Structure formats: structure tokens, C-alpha cells
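These are the residues of each chain, in order.
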Amino acid sequence: MTSEEPPDEGAPEESGESEEHRPDGLDLARAAARAAAASPGTPARRRTTSTRRRTFTKSSGARPDDRDPQLLEQAMGRLIANHGWEVDLKVQGVFGRWAELVGTEVGDHCTPESFDDGRLVVRTDSTAWATQLKLLAPTIVRRLNEELGHGTVSVIDVHGPHLPTWTKGRLSSRDGRGPRDTYG
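Only a predicted model underlies this, so the values are computations on that prediction, with no experimental measurement involved. Counting restarts for each chain, with residues numbered from 1 along the sequence as it is written. Totals for whole chains, interfaces and linings use every residue, but because this is a predicted model, local features are given only for residues with pLDDT of at least 70 and side-chain atom pairs only at 80 or more, for both listing and counting. Excluded from the side-chain calculation are hydrogens and water; included are all heavy atoms of the structure.

### Things to note about unusual backbone geometry
Okay, so step 1: For D117, which is not a glycine, the phi torsion comes out positive at approximately 50°.
Okay, so step 2: One can find D117 in the loop between β1 (110-116) and β2 (119-124). Put simply, DSSP H or I for four residues or longer makes a helix, DSSP E for two residues or longer makes a strand, and each gets a number counted from the N terminus.

The following block contains the structure:
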């Protein structure tokens, strides 16, 4: 082979050196395959087709199991039951329907803030509504337990409106106790 002639496409050079680089990258792939086959300790790989590959999984059989397609409602129900979220979701549902459960007039003036260990904390927008809600608390507890299950809500803790602070501002006085107005 002379230096002016182009090398043969598929034949390696006679001197035992590697083939000249081909633009399609086939020479690199062949060299990598040869190097992998020549390395000691690697087992010979069998050629498999995608249709003959076997996966080793437990077969489903004739009965339904967890791997079968399921309705979203069933899957969500199982997820909620496994994590113990039933009561939390019911309570959040009550928070969302608060005005419907206690009535629109009461619902307009008070909102539930938190629920923990049977204690429901409700915030009112005035002290008069805080007093009214304290009087209605047994009726509301009974209604909520009908929705959530017996014994879920044991106490309603009623808080009045958020009060302004008199520690700073033009109406504050040094070592004073504030304006002495009735806030609740």
C-alpha cells in the first residue's frame, strides 16, 4: 500500500497498527468491542433480542393484586389508611365547610384555626361573638362529632379578636399598663 492510495475501508493496515479514523465512528466502536472482549475475566455475552428477554417477577395469577390497574379512589383510600390521615382529612373538610356546619351568620364572624387532640381552636372577630360562640359550643361540638365521628372534638377553645399592642406608638406610656379598654 502506498502513501498516496487511500486505505481500504474495512481492512486494517498491514503493520498491525489501528485503522484510520472513520467519520461514522464505527472504528471506535469496533476498537472498544475488541478491547472489552480481550480483557481477562469478562464472561462472553450472549446475544439476546428484545423479544426473548425474560423478566423474573412474581406472576399475578387469576386473582387481582396490587400491581393491577386500580381506581384512583381505591388507591387514595389505601394511601390515606396506611398513613393514618383519616381524621386529619375529615377535620380539614370541616374547616372548608365551616359556614355550612355552624350556619352562615356564625360562620361569618368566626373561623376555625387549629385542631389538636380533640381541642378545636376558633377565632372570633369580636368579643360579643366570642361570648355567643361559648354559649353555642355544646351544640357545635355535637354537630361536629356527627360529621367526624363520636369523640373526635371534645372541647372548643374560643379566642376573641387579635388585639392591638400598646407597647409602641403614640398612645404608649412608660411603665403604663395600656388604655384600659375592654377587649375581651
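### So, a nonpolar patch on the surface
Okay, so step 1: Each patch is assembled from residues with relative accessible area greater than 30% and no salt bridge, linking like charges that lie within 9 Å and nonpolar side chains (Val, Leu, Ile, Met, Phe, Trp, Tyr) that lie within 5 Å. Methods summary: accessible areas were calculated by the Shrake-Rupley approach with a probe of 1.4 Å, and residue burial reflects only the protein chains presented. For this document, the term salt bridge refers to a Lys or Arg side-chain nitrogen within 4 Å of an Asp or Glu carboxyl oxygen. A grouping of L72, M76, L79, W85 and L89 is seen on the molecular surface, where their side chains present a nonpolar patch of about 480 Å² in accessible area.
Okay, so step 2: Among the elements that line the nonpolar patch, the one with the most residues is helix α2 (residues 72-83), at three residues.
Okay, so step 3: Using a 1.4 Å probe on the protein chains alone, a residue whose accessible area is under 20% of its type maximum counts as buried, one over 50% counts as exposed, and one in between counts as partly exposed. Residue M76 is classed as partly exposed on the basis of its relative accessible area of 40%.

### Considering the nonpolar core
Okay, so step 1: By convention a nonpolar core is built from buried Ala, Val, Leu, Ile, Met, Phe, Trp, Tyr and Cys residues, the set being connected through side-chain atoms within 4.5 Å. One finds W98, L120, L144 and I156 to be the most contacted residues of the largest nonpolar core, which totals 21 residues.
Okay, so step 2: Of all elements in the fold, only α3 (86-96), α4 (98-102), β2, α6 (127-148) and β3 (155-159) reach the threshold of two or more residues within this core.
Okay, so step 3: In terms of residues, this core owes the most to one element, α6, which gives eight residues.

### Quick word on the pattern of salt bridges
Okay, so step 1: Applying the stated criterion across every chain, the model contains five salt bridges.
Okay, so step 2: For E147, the salt bridge goes to R97, with nearest N and O atoms at 2.6 Å. On the criterion of sequence distance, the pair formed by E147 in helix α6 and R97 in the loop between α3 and α4 is long-range, its members being 50 residues apart.
Okay, so step 3: Given the relative accessible area of 32%, E147 is considered partly exposed.
Okay, so step 4: Assessed through its relative accessible area of 32%, R97 is described here as partly exposed.
Okay, so step 5: In this structure, R143 and E146 form a salt bridge, with 3.8 Å as the shortest nitrogen-oxygen distance. On the criterion of helical spacing, the pair formed by R143 and E146 is a turn pair, its members being three residues apart in helix α6.
Okay, so step 6: Counted as one network, the salt bridges with shared partners bring together R97, R143, E146 and E147.

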